[in-house]
Amino acid sequence: MNVEFADRVKRLPPYLFAEIEKIIKEKKAQGVDLISLSIGDPDLPPPPFVIASLKKEVADLKNHNYSFSQGEPDFRHAVAKWYKKRFHVDLSSEEVIALMGSKEGLANIARAFVNAGDRVLVPDPSYPVYNNGGTILNDGIPVAMPLLQENGFKPDFGAIHPEKVKMLFLNYPNNPTSAIVDTKFLKEAVEFARENNIILCYDNAYSEVTFGGYKAPSVLEVDGAMDVAIEFHSLSKTFNMTGDRIAFAVGNKQLISGLTKVKSQIDSGPPVYTQKVAVKALAAYTSREAPEFLKNNNQILQERRDLLVETLCKIGYKCEKPKATFYVWVNCKGDSMKFATKLLDAGVAVTPGIGFGKYGEGYARITFTQPKERIKEACDRIANAL
Ligand SMILES: Cc1ncc(COP(=O)(O)O)c(C=O)c1O
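Residues numbered from 1 in each chain as written. Predicted model: local features only at pLDDT ≥ 70, side-chain atom pairs only at ≥ 80, totals over all residues. Heavy atoms only, no water.

**Focus on the site of the ligand**
Then step 1. Taken together, 14 residues lie around the ligand, and Asp203, Tyr206, Ser234, Ser236 and Lys237 are the ones closest in.
Then step 2. Within the contact set of the ligand, an oxygen atom lies 2.8 Å away from a backbone nitrogen or oxygen of serine 102.
Then step 3. A distance of 2.7 Å is found between an oxygen atom of the ligand and a side-chain nitrogen or oxygen belonging to tyrosine 206.
Then step 4. A total of 400 Å² of accessible area belongs to the ligand in isolation, and the protein chains cover 93% of it.
Then step 5. Assessed atom by atom at 2 Å from the grid points, the ligand resides in the largest pocket.
Then step 6. Among the elements of the structure, helix H5 (102–113) and helix H9 (235–238) are those that each provide at least two residues to the shell around the ligand. (Near = heavy atom within 4 Å. Polar contact = N/O pair within 3.5 Å; in protein donor to acceptor, adjacent residues only side chain to side chain. Areas by Shrake-Rupley, 256 points an atom, 1.4 Å probe, with all protein chains shown as cover. 1 Å grid on protein atoms, 1.4 Å probe; cavity = no way out; pocket = protein on both sides within 12 Å on 5 of 7 lines; lining within 4 Å. Sits in = over half its atoms within 2 Å of the grid points. Helix = DSSP H or I, 4+ residues; strand = E, 2+ residues; numbered from the N terminus.)

Here it is, written out as structure tokens:
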């Protein structure tokens, strides 16, 4: 049979992470001791109370039937309660949807609202799903918003032509630049979206991975955001549960109902047991403050961050200690693919900035999701190679 991919699939750029994973696998199969600082998947385990709850809920035979497309009522209630505690934002259960990871939510929201030929504003560099799974696979036209270092890696709304723009993606704390924003910027974003009738999709997946007392805001804290915005969160990074696929989106009721409509035609809700575990995990927050587990987790990440940044600075690669995420975005002084290849040959995998968009060229993303000894070893290899 002569099968041909659909045009929208042919339009997809190569998924760099998949390519990198392939190279890593090949190198490992050859017996190379490669240190992978390229994929944003925490090495630290979920907290013990999450594992205990998972065991209990999996063993309950009532938890193995289909769940509601929008998520179980208890789960949505727990998310609303968490929002109140964490961000002081009031939500009803209708303003919450459960997701099987925020990645599918970010792609499916575009399927619900973007028509063929609609323009979608995508940060560049960015997490590739906004451009690919979200926009291209829904026949939208991605329009890059450059995130430049001199602007603190924030888009310049004044420079954007809003004609035929249906949707805008933003993500802070940011992957890959690890930039953060304050509520003043979020007000500007909401104002821009309201003035131009644009759906604002705010990806807050890293809101809880922060350092030195920094608290990431929610876009829903801004007056008027509920008119235009939907915000995405995930238990993946907050509770080290990337493989458990449990996340949620909250915000404008119409946007939530559009996403529910699409998802109910494609999948069912996440497993009941993961939703029950998520209820327990979110309840660990008793106030705006992170629970003890998370503070310890972030402390471990912070020590690794310091080691990595201090080494890079020492060998002449200027970068700052990020206030959030587990990524260092380093100016690699030239071709990012060459830089990554050089480090790969030295036994360290990092992600070339070009993989996140044209404006990512000249940078590399280095993750600190490996134990401190491995980061130290990687630092030695990097210092030797460069
Ligand atoms: C910025 C950002 N958003 C969303 C996700 C997706 O996370 P998940 O689908 O595990 O919730 C990731 C994963 O790396 C990410 O970096």
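Text resumes after the structure shown.
**Observations regarding the sheet that holds strand S9 (residues 327–331)**
Then step 1. The strand order S9-S12-S11 describes an open sheet built from three strands, whose pairing is antiparallel. The open sheet has two edge strands with one neighbour each: S9 and strand S11 (351–352).
Then step 2. Summarising the sheet, S11 and strand S12 (residues 363–367) pair through two bridges and their orientation is antiparallel. Residue threonine 351 lies in a different strand from S12, and its bridge partner there is arginine 365. (Pairing = 2+ DSSP bridges.)

**Description of empty space enclosed by the protein**
Then step 1. Inspection of every chain in the model, using the stated rule, returns two cavities of 30 Å³ or more.
Then step 2. If you add up the space inside the largest cavity, you get close to 50 Å³.
Then step 3. Taken together, Trp82, Ser207, Glu208, His233, Ser234, Leu235, Thr238, Phe239, Phe248 and Leu282 make up the full set of residues lining the largest cavity.
Then step 4. Elements with a minimum of two residues in the lining of the largest cavity: strand S7 (229–234) and H9.
Then step 5. Class assignment for the residues of the lining of the largest cavity results in five nonpolar, four polar and one charged.
Then step 6. The calculated volume of the second largest cavity comes to roughly 40 Å³. (Points joined across faces, edges and corners; volume = space filled by probe spheres on them. Nonpolar A, V, L, I, M, F, W, Y, C, P; charged D, E, K, R; others polar.)

**Describing the layout of surface pockets**
Then step 1. Of the voids in this model, the largest pocket is the one considered here, and its volume is about 530 Å³.
Then step 2. Around the largest pocket sit 24 residues that line it, and Gly40, Lys103, Tyr127, Lys237 and Thr242 are the ones nearest its centre.
Then step 3. When contributions to the lining of the largest pocket are tallied by element, the ones reaching two or more residues are helix H2 (16–29), H5 and H9.
Then step 4. The element best represented in the lining of the largest pocket is H5, accounting for three residues.
Then step 5. Residues that form the lining of the largest pocket fall into these classes: nine nonpolar, eight polar and seven charged.
Then step 6. In this structure, the second largest pocket spans a volume of roughly 440 Å³.
Then step 7. As for the second largest pocket, its lining consists of 17 residues, of which Gln149, Phe153, Thr177, Ser178 and Glu320 are closest to the centre.

**Side note on the packing of helix H3 (residues 48–59) against helix H11 (residues 272–283)**
Then step 1. Contact geometry of H3 with H11 gives a least axis separation of 9 Å together with a crossing angle of 145°. Relative to H11, the crossing made by H3 is right-handed. Every residue of H11 that contacts H3 at Phe49, Val50, Ser53, Leu54, Glu57 and Val58 is listed here: Tyr273, Lys276, Val277, Lys280 and Ala281.
Then step 2. Class assignment for the residues of the contact of H3 with H11 results in seven nonpolar, one polar and three charged. (Axes fitted to C-alpha atoms, helices over the stretch in contact; angles between N-to-C directions. Left-handed = near helix turned anticlockwise from the far one by under 90°. Contact = heavy atoms within 4.5 Å.)

**Notes on the pairing of strand S2 (residues 96–99)**
Then step 1. A two-sided burial pattern is seen for S2, the buried positions comprising Val96 and Ala98 on one face and Ile97 and Leu99 on the other.
Then step 2. Across four bridges, the pairing between S2 and strand S8 (residues 247–251) is antiparallel. Each bridged residue has a counterpart across the sheet, and for isoleucine 97 the counterpart in S8 is alanine 249. (Buried < 20%, exposed > 50% of the residue type's maximum accessible area, 1.4 Å probe, protein only.)

**Things to note about the sheet that holds strand S4 (residues 141–146)**
Then step 1. Reading across the sheet, the seven strands line up as S2-S8-S7-S6-S5-S3-S4 and stay open at both edges, with mixed pairing between neighbours. Of all strands in the sheet, those with a lone pairing partner are S2 and S4, marking the two edges. On average, adjacent strands in this sheet sit at an angle of 25° to one another, irrespective of strand direction.
Then step 2. Pairing between strand S5 (residues 165–171) and strand S6 (residues 199–203): five bridges, direction parallel. Residue pairing across strands places leucine 168 opposite leucine 200, the latter belonging to S6.
Then step 3. Set on the sheet, helix H4 (residues 73–87) makes contact with S2, S7 and S8; between it and S8 the angle comes to about 65°.

**What about unusual backbone geometry?**
Then step 1. Following aspartate 124, the chain continues into proline 125 via a peptide bond in cis, with omega recorded as 5°.
Then step 2. Note the cis peptide between asparagine 175 and proline 176, where omega equals 15°.
Then step 3. Despite not being glycine, phenylalanine 153 shows a phi value in the positive range, around 60°.
Then step 4. Relative to the helices and strands, phenylalanine 153 resides in the loop between S4 and S5.
Then step 5. With a relative accessible area of 9%, phenylalanine 153 lands in the buried category.
Then step 6. In this model, asparagine 197 sits at a positive phi of 55°, which is unusual for a non-glycine residue.

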